[in-house]
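Fold and contact review
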Amino acid sequence: MSARKATLRTTAIAGVVAGALGVGLVGVTASPAAAAVPAAAKLSGATSVTSGAKTTLHAIATVNGAPAAYKSISLQYQSSQGWRTVSTKKARPSGQIEWTVTIGGSSNWRALLFVNGTQKTLSPNHHVVAKSNGNAVVQAAARQAGKPYVFGAAGPNSFDCSGLTRYVYKQFGKSLPHSATQQARYGKSVGKGAKKPGDLILFGSGSYYSHAGIYAGGNYMWDASTAGQPVAKRKIWSNTYVVRRLV
């Protein structure tokens, strides 16, 4: 065997051994494989918000280390039925985008980055805690002032008693049935002397309740009382009621 062929054969064998051992050969140059840089997305914003309040969540995304300009990004929140998409928008040239959302209850949020219509990556979950605020519930009820009473109506333009309470509490992430009797099973029982603005007031006792309202403080409540009477703030007119705290 010639000296040249022997040298080439020795170098080839050494290259195989070096590759198996994970080491390099001095004087032997290999073309490094291009390292794939994954897409990335991050969601940020407030982590504690008053129930029913609005907050802004910010997303930023990259593809191969560069801003994900004009790529589609979806905002999702985690419900009891799974992840729900709130909105999908195109990122700015900086790869950034914002959404202003109403926080009804404590939940996880995340951003999804799409590239050429295909889901590319998910951001880590961003948890937002919804702080209870009975005054916000009262304000939501007050915004319905003057709307007419219509039996069986649950908003947004007219209400009956349990339709009003159902509509208001839904804004704070609380899903109630359209029935005063059934609403009495929700939330936490509170003594009359411990009631606070924003608590649910249900008139009746035992297994039947005929009327529902939202405590406004000072022995007043917001309610949709009866035909011909619009939603208004009224004095609590009976002592036969129970109090349930939902927020």
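Residues numbered from 1 in each chain as written. Predicted model: local features only at pLDDT ≥ 70, side-chain atom pairs only at ≥ 80, totals over all residues. Heavy atoms only, no water.

**A short note on the overall build of the chain**
A tally of helices and strands in the chain yields four helices and 16 strands. In the chain, buried positions account for 38% of the 247 residues. Taking the contacts inside the chain whose residues are at least 6 apart along the sequence as the reference set, 55% of them involve residues at least 24 apart. Element-wise, carbon and sulfur atoms account for 53% of the exposed surface of the chain, whose accessible area totals about 13,600 Å². (Helix = DSSP H or I, 4+ residues; strand = E, 2+ residues; numbered from the N terminus. Buried < 20%, exposed > 50% of the residue type's maximum accessible area, 1.4 Å probe, protein only. Contact = heavy atoms within 4.5 Å. Areas by Shrake-Rupley, 256 points an atom, 1.4 Å probe, with all protein chains shown as cover.)

**Description of the packing of aromatic side chains**
For any pair of aromatic rings, the description consists of the separation of the ring centres together with the inter-plane angle of the planes. Applying the stated criterion to the full structure yields four aromatic pairs. A centroid spacing of 4.5 Å and a plane angle of 10° characterise the contact between Phe203 and Trp237, whose relative ring orientation is stacked. Here Phe203, found in strand β12 (residues 200–205), pairs with Trp237, found in the loop between β15 (232–235) and β16 (241–245); they are 34 residues apart in sequence, far enough to count as distant. Taking the relative accessible area as the measure of exposure, Phe203 reaches 2% and is therefore buried. Grouping aromatic residues by their ring pairs yields a cluster made of Phe203, Trp237 and Tyr241. The aromatic ring of Tyr241 is capped on one face by Lys192, whose charged end is 5.0 Å from the ring centroid. Positioned over the ring face of Tyr215 is Lys195, at 5.1 Å from the centre of the ring. (Phe/Tyr/Trp six-rings, centres within 6.5 Å; stacked < 30°, edge-to-face > 60°. Lys NZ or Arg CZ within 6 Å of the ring centre and 35° of its normal.)

**Things to note about helix α3 (residues 161–170)**
Most of α3 sits out of view: seven of its ten residues are buried. Against α2 (134–142), α4 (180–183), β12, β13 (208–217) and β14 (220–223) lie the buried residues of α3.

**Side note on the environment of Tyr241**
Secondary-structure assignment places Tyr241 in strand β16. Setting aside residues no more than four positions away along its own chain, Tyr241 makes contact with Lys192, Lys195, Ile201, Leu202, Phe203, Gly204 and Ile236. At 3.1 Å, the side chain of Tyr241 forms a polar contact with the side chain of Lys195. (Polar contact = N/O pair within 3.5 Å; in protein donor to acceptor, adjacent residues only side chain to side chain.)

**Side note on the environment of Ile214**
With respect to the element layout, Ile214 can be found in strand β13. Judged by relative accessible area, which is 0%, Ile214 ranks as buried. Considered as a pair, Ile214 and Ala142 are 72 residues apart in the sequence and their alpha carbons are 9.8 Å apart.

**What to know about the confidence of the model for the chain**
Put simply, the chain has an average pLDDT of 85, and 85% of its residues get 70 or more. Mean pLDDT across the secondary structure elements of the chain bottoms out at helix α1 (residues 3–21), with 37, and peaks at β14, with 98. Across residues 1–37, where pLDDT falls below 50, the model places nine contacts with residues more than four positions away in sequence or in other chains. (pLDDT = per-residue confidence, 0-100.)

**Here's the deal with the sheet that holds β13**
Spatially, six strands are ordered β11-β16-β12-β13-β14-β15 in an open sheet, and the strand pairing comes out antiparallel. The sheet is open, and its two edges are formed by β11 (188–190) and β15, each paired on a single side. Neighbour-to-neighbour, the strand axes of this sheet turn through a mean angle of 45°, independent of strand direction. The sheet contact formed by β11 and β16 spans three bridges and is antiparallel. (Pairing = 2+ DSSP bridges. Axes fitted to C-alpha atoms, helices over the stretch in contact; angles between N-to-C directions.)

**Remarks on unusual backbone geometry**
In this structure, the amide linkage connecting Gly155 to the following residue, Pro156, adopts the cis form with an omega of 5°. The topology assignment puts Pro156 in the loop between α2 and α3. We note that Asn219 has phi near 65°; this positive angle belongs to a residue other than glycine. Here Asn219 shows up in the loop between β13 and β14. On the accessibility criterion, Asn219 (29% relative accessible area) is partly exposed.

**Quick word on the side chain of Arg110**
Its place among the elements puts Arg110 in strand β8 (residues 107–115). Among buried Asp, Glu, Lys and Arg side chains, Arg110 stands out as unpaired, with Glu98 the closest opposite charge at 19 Å. Of the polar contacts made by the side chain of Arg110, one reaches the side chain of Gln76; its length is 2.8 Å. With residues up to four places along the chain from it excluded, the contact list for Arg110 reads Leu43, Ser74, Leu75, Gln76, Trp83, Leu122, Ser123 and Asn125. (Lys, Arg positive; Asp, Glu negative; His and termini not counted. Salt bridge = Lys/Arg side-chain N within 4 Å of Asp/Glu carboxyl O.)

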